[in-house]
Amino acid sequence: MTRRLVLGGAAVAASAALMFPSLPASAQTAAPAQAQDLAAAAPTPAKVSKKLFGAWVRGDRHAAAKVATPSAVKAVFAYVYRAPDKFAGCSGNVCRFVHTSVNVPGGLDGFAMVVSGSKVTKVYRSRHLTKPSSVAAHLFSAWTRNDRYQGLEVARTGVVNKLFQVKFDPKGVAYTFQGCSKEPKGYSCAYSYEGGAMFMHVRGSKTTGYEVHSISYIAD
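Values in this document were obtained by computation on a predicted structure and should not be read as measured data.

A. How the structure looks around the environment of lysine 162. Take lysine 162: it is sitting in helix 8 (residues 157–163). Here the alpha-carbon distance between lysine 162 and serine 216, two residues 54 residues apart in the chain, equals 9.4 Å. With residues up to four places along the chain from it excluded, the contact list for lysine 162 reads Ile215, Ser216 and Tyr217.

Written out as structure tokens, the structure is:
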């Protein structure tokens, strides 16, 4: 019967040193060290997003283009509010930069950057929309795409959560935009459908930008 001996990593290295005494000790440890260096140098979503954010703060489009797609660069440089003051971390490959002392429309509160490999491929941002109807259309479009981050650009978190409880069905009932009308504290933008209607209650101003503050439904 042949006996098979299984050695751990340290034991293997020691055995190799005994079998090949002329092999330098540095060569025996070079591979693990190189692997660690490569892991440390590998781009992470946090590192990549911070590079884009820093380039934007400096106004350096050339540096931004090295770590982001053209559409992402265009989006981040279109931001009209002052720079968010807190890095809120990453959830998977989506990294957030948020305001802690400035109120902006929507629940995004700054940026959400989507990272793929070594580049930011998409930037969501708090929007400055000056028409209630534009805000309603933006949120409705986000719902049809099942894109929560797009919704958060113009709507409060509670509104997005409520709207996205039911997934939009392109083969379901048809929605018809009925326009926006004044109400005591802002505007009500309506979408009618067979059997009822959805109302987006919009608040804000042209100066600060509008957002969807709440949402309600009625049945026929």
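B. Layout of helix 6 (residues 132–144). Relative to the 18 Å expected for 13 residues at 1.5 Å per residue, helix 6 spans 19 Å between its end C-alpha atoms, a close match to the ideal helical length. Where helix 6 is buried, its residues contact helix 7 (148–152), helix 8, strand 5 (176–183), strand 6 (186–193), strand 7 (196–205) and strand 8 (209–219).

C. Region of interest: the packing of aromatic side chains. Tallied over the full model, the rule gives 19 aromatic pairs. Between phenylalanine 53 and phenylalanine 111, the aromatic rings sit 6.4 Å apart at their centres with planes inclined by 80 degrees, giving edge-to-face as the arrangement. Of this pair, phenylalanine 53 sits in helix 3 (residues 45–58) while phenylalanine 111 sits in strand 3 (residues 110–116), and the two are 58 residues apart along the sequence. For the pair phenylalanine 53 and phenylalanine 111, a shared accessibility class is recorded, and that class is buried. Aromatic pair tyrosine 79 and tyrosine 81: ring centres 5.7 Å apart, planes at 65 degrees, arrangement edge-to-face. Like tyrosine 81, tyrosine 79 is buried. Chaining the aromatic ring pairs together yields one cluster made of Phe53, Trp56, Tyr79, Tyr81, Phe87, Phe97 and Phe111. The cationic tip of arginine 61 hangs over the ring face of phenylalanine 77; the distance from NZ or CZ to the ring centre is 4.3 Å.

Cut-off values and rules
- Residues numbered from 1 in each chain as written.
- Predicted model: local features only at pLDDT ≥ 70, side-chain atom pairs only at ≥ 80, totals over all residues.
- Heavy atoms only, no water.
- Helix = DSSP H or I, 4+ residues; strand = E, 2+ residues; numbered from the N terminus.
- Contact = heavy atoms within 4.5 Å.
- Expected span 1.5 Å × (residues − 1).
- Phe/Tyr/Trp six-rings, centres within 6.5 Å; stacked < 30°, edge-to-face > 60°.
- Buried < 20%, exposed > 50% of the residue type's maximum accessible area, 1.4 Å probe, protein only.
- Lys NZ or Arg CZ within 6 Å of the ring centre and 35° of its normal.

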